[in-house]
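Okay, here's what each chain looks like letter by letter:
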Amino acid sequence: MRVNDFVVKFANVNGSGSASANRLFARSILRMGVPVSSRNIFPSNIQGLPTWYEVRVSQAGYLGRRGGVDLMVAMNPQTFDADIGEIEAGGHLFYDSTRPIQASRFREDLSVIGMPITRICAERYSDIRQRQLFKNIIYVGALAELLGIEAEVTADLVRELFKRKAKLIEPNIEALDVGREFATRELAGAVDLAIERADAVGDRIFLEGNNAAGLGCVYGGATVAAWYPITPSTSLAEAFERHCRKYRVDPDSGKNRYAVVQAEDELASIGMVVGATWNGARAFTATAGPGISLMQEFIGLAYFAEIPAVIFDVQRGGPSTGMPTRTQQSDILFCAYASHGDTKHVLLFPDDPAETFALSADAFDIADRLQTPVFVMLDLDIGMNEWLCEPLTWDKDRAYDRGKVLSAEDLEAAREFGRYVDTDGDGIGARTYPGTHPTRGAFFTRGSSHNRYARYSEDGADYVENMQRLQRKFETAKSVVPAPVIKRAGERTPFGAIFYGSTAPAMAEALDSLSALGIRLDTLRIRAFPFHDDVAAFAMEHDHVFVVEQNRDGQMRALLINEEGLDPARLTPVLHYNGTPITARFITAEIVRLCRELGSTKDAAE
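Residues numbered from 1 in each chain as written. Predicted model: local features only at pLDDT ≥ 70, side-chain atom pairs only at ≥ 80, totals over all residues. Heavy atoms only, no water.

1. Structural notes on the overall build of the protein
For the protein, the count of helices and strands is 21 helices and 22 strands. Against the globule reference of 25 Å for 606 residues, the protein gives a C-alpha radius of gyration of 27 Å, in line with a compact fold. Over its C-alpha atoms, taken along the principal directions, the protein stretches across nearly 90 × 70 × 40 Å. Counting across all 606 residues of the protein, residues that qualify as buried make up 55%. Counting contacts in the protein only where the partners sit at least 6 residues apart, residues at least 24 apart contribute 75% of the total. Total accessible area on the protein stands at roughly 25300 Å², and carbon and sulfur atoms take up 49% of it. (Helix = DSSP H or I, 4+ residues; strand = E, 2+ residues; numbered from the N terminus. Rg over C-alpha atoms; globule rule 2.2 N^0.38 Å. Buried < 20%, exposed > 50% of the residue type's maximum accessible area, 1.4 Å probe, protein only. Contact = heavy atoms within 4.5 Å. Areas by Shrake-Rupley, 256 points an atom, 1.4 Å probe, with all protein chains shown as cover.)

Below, the structure written as structure tokens:
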């Protein structure tokens, strides 16, 4: 019997109402005190195409995808054969047995569990839509009984889910009971997997990254969001508006103290953000790779005119339309050097929703302090999936860092004001908000070449001085952005690994697996670009550094080589880019293979 350590995967049809039922299943296990991680893999159409929902159960606390499936809930005839192929030897297939299926389509090394769900629903419900919706709840009830999930746990979750639609509570609980009763009567002992109560969740929360980012924007002082709908970032802007309705409405007048604008396109949205931040507001936009493509002109303006802006890039599969509902880390180089000419931009790489909340708020301080665009590099895996993470925290005494902003008094006292004068060598000039002083300060800005006083100039010396100062500012950014997270193997090793973002949870499990094979790695998780000095130093400490990322071209590796001058031979790419979140087994297998090729570890060769 495998207890609290297995993978369940649901194969459904998009638009069938299965998503909420599958989430009910995952949350029920959490309520039993057992950690889970869930991944929703869905198509970009409204309905009809295959969709999958994977639940990793791990009392040990592994929150990435493991790879492989122990129990497949095959509810989609279209993908039936392929879904069976994913099941581990000795695993379980749960399917709707209303219609007979040829024995040749089953594998001999699997335990096959048939339940006539469609027939049960047809006998019980006359409404076609009810038959479809309750079909999902019935199989959740059956699975809960088979795995030992307590009935009251699932019932309580149904009550919470439909607390505003009370009339739906009892019918859904009854559907759960139908599934439970059938499993008790017909399927007892059919699986060797079990959920047992534990206390391994603690005070952690189950949260989507886009929701965390939207709340982080509120706490970070944002009052303006301008955006254009695009998968997978739409829910971020929606979350911000939802949180603003709670926290940004004046309690006395009832007036909104925020503005959320759905622009006509992505270029307009970033233009609104630049205008709002130049005027003193904290503003952001949320988009994906295709939106970044359209924003290039205004991103260059913000960089060259030195206007703060926060841009959330929830990355998806590209190029072009690509795979809109699949995840990748494929916009790294694109955002680092966004817009034409010589540009370099600050990038932040959170690894889960809790860090997404923190870095989303930090992004506004960093943008204000550096007077530049800041990209928060999420991806669909973090943005649209629910992750188990630490509770969100906030220092109530924290003050916003607005950077070098001069007041009217400062301007009165100053002998002269030069918008782009670097007085202390950090590359950052002082700015003013429009209207701060009736005659002094900066009232206008420009994207054309200018001198230190913001006056138009095509003089080569002025241009070179300006560009060199921008480079000094980028050097300053190294001390402003979050430092990397370094973990040592506990003994000297020639191997290191660099990774970032949503790769982190799968990497944690892979490291344990590699250690069991005798391969020990020091690791460095990048949290920001420009790179902290520790990044290059870490690479130079090791003979071989595996750079693990989710794109075809090794974009982070290329950025490390280009910016840090590292020897490409020292950095070995480990690349996963099929659109699904990377798995621990993939990372483990690739590093073992590469170690064998390098011929550097006896243990790996054995």
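2. Points about the nonpolar core
Formed by 56 residues in total, the largest nonpolar core has its most connected members in F10, F25, V73, F94, I138, Y139 and I195. It is helix α4 (residues 128-147) that provides the largest number of residues to this core, a total of 10 residues. Here F25 is in contact with V8, F10, V55, V140, L143, L147 and I149, once residues within four sequence places are set aside. With 42 residues, the next largest nonpolar core counts A226, I270, I299 and F531 among its residues. (Core = buried A, V, L, I, M, F, W, Y, C linked by side-chain atoms within 4.5 Å.)

3. A closer look at the sheet that holds strand β12 (residues 283-287)
Within a sheet, adjacent strands bond to each other through the backbone by hydrogen bonds, running parallel or antiparallel. With mixed pairing, 7 strands are arranged side by side in an open sheet as β11-β10-β12-β13-β15-β14-β20. Edge strands, defined here as strands with exactly one partner in the open sheet, are β11 (259-262) and β20 (528-529). In this sheet, strand β15 (residues 373-379) lies alongside strand β13 (residues 309-315) in parallel orientation, the contact comprising 7 bridges. Of the residues in β15, the one forming a bridge with I311 is F375. Taken strand by strand, helix α9 (residues 266-278) contacts β10 (224-227), β11, β12 and β13, and its axis lies near 160 degrees from that of β12. (Pairing = 2+ DSSP bridges. Axes fitted to C-alpha atoms, helices over the stretch in contact; angles between N-to-C directions.)

4. Things to note about the packing of aromatic side chains
Counted under the stated rule, the structure contains 19 aromatic pairs. For R39, the ring lying beneath its charged end belongs to W387, and the centroid distance is 4.8 Å. Geometry around Y400 places R282 over its ring, the cationic atom sitting 4.8 Å from the centre. (Phe/Tyr/Trp six-rings, centres within 6.5 Å; stacked < 30°, edge-to-face > 60°. Lys NZ or Arg CZ within 6 Å of the ring centre and 35° of its normal.)

5. Observations concerning the pattern of salt bridges
Considering all chains together, one arrives at 43 salt bridges under this definition. The salt bridge partner of R159 is E152, with a shortest N-O separation of 3.0 Å. Close ionic contact of D365 with R282 constitutes a salt bridge, the shortest N to O distance being 2.8 Å. Pair noted here: D365 is in helix α13 (residues 353-370) and R282 is in the loop between α9 and β12, with a separation of 83 residues, a long-range link. The burial state of D365 is the same as that of R282; both residues are buried. Through salt bridges with shared partners, one network takes in R282, D362, D365, D368, R398, R402 and R431. (Salt bridge = Lys/Arg side-chain N within 4 Å of Asp/Glu carboxyl O.)

6. Considerations on the sheet that holds strand β17 (residues 485-487)
Overall, mixed pairing links the 5 strands, which are arranged β17-β19-β18-β21-β22 in an open sheet. One side of each edge strand has no neighbouring strand; the edge strands of this open sheet are β17 and β22 (571-575). Within this sheet the neighbouring strands show an average axis-to-axis angle of 20 degrees, counted without direction. Bridge count between β17 and strand β19 (residues 522-526): 3 bridges; the pairing is antiparallel. Residue I486 lies in a different strand from β19, and its bridge partner there is L524. Along the sheet, helix α18 (residues 533-540) contacts β17, β18 (495-500), β19, β21 (544-549) and β22; its crossing angle with β19, the most-contacted strand, is approximately 155 degrees. Of the strands in this sheet, β18, β21 and β22 touch helix α20 (residues 584-598), which is tilted by about 145 degrees from β22.

7. Considering the side chain of Q315
In this structure, Q315 sits in strand β13. Given the relative accessible area of 1%, Q315 is considered buried. Setting aside chain neighbours within four positions, we find Q315 in contact with P232, R326, T327, Q328, Q329, S330, D331, I332, M377, L378, D379 and L380.

8. Examining the state of the cysteines
In the structure shown here, the tally under the stated rule is 0 disulfides. With no disulfide partner, C389 has as its closest neighbouring cysteine sulfur the one in C217, 16 Å distant. (Disulfide = S-S within 2.5 Å.)

9. Overview of the domain arrangement of the protein
Here the protein is partitioned into domain 1 (2-194), domain 2 (207-389), domain 3 (408-480) and domain 4 (485-605). Its C-alpha centre places domain 2 at a distance of 28 Å from the equivalent point of domain 4. Tallying the contact residues gives 24 residues for domain 2 and 26 residues for domain 4. Buried area between domain 2 and domain 4, both sides added, is near 2100 Å², and the carbon and sulfur share of it is 54%. When the buried area of domain 2 at its contact with domain 4 is split by residue, Q329, L333 and F349 rank highest and sum to 31% of it. There are 4 salt bridges connecting domain 2 and domain 4. (Domains from an automatic or database assignment. Buried area = accessible area lost by both parts, 1.4 Å probe.)

10. What to know about a negative patch on the surface
Residues E170, E174, D177 and E181 make up a contiguous surface patch of negative charge. Mapping E174 onto the fold places it in helix α6 (residues 169-186). Residue classification places E174 among the partly exposed positions, given a relative accessible area of 40%. (Patch = residues over 30% accessible without salt bridge, like charges linked within 9 Å, V, L, I, M, F, W, Y side chains within 5 Å. Lys, Arg positive; Asp, Glu negative; His and termini not counted. Charge placed at Lys NZ, Arg CZ, Asp CG, Glu CD.)

11. Some words on α18
Within the span of α18, buried status applies to V535, A536, F538 and A539. End-on view of α18: buried residues confined to an arc of 155 degrees, all on one side of the axis. Those residues of α18 that are buried lie in contact with β17, β18, β19, β21, α19 (555-564) and β22. (Arc of directions from axis to C-beta.)

12. Here's the deal with the pairing of strand β2 (residues 5-13)
The element β2 is largely enclosed, with a buried count of 7 among its 9 residues. Inspection of the sheet shows β2 paired to strand β4 (residues 50-58) by 9 bridges, in the antiparallel sense. In the strand pairing of β4, K9 is matched with E54. Bridging between β2 and strand β5 (residues 69-74) involves 4 bridges; their strand directions are parallel.

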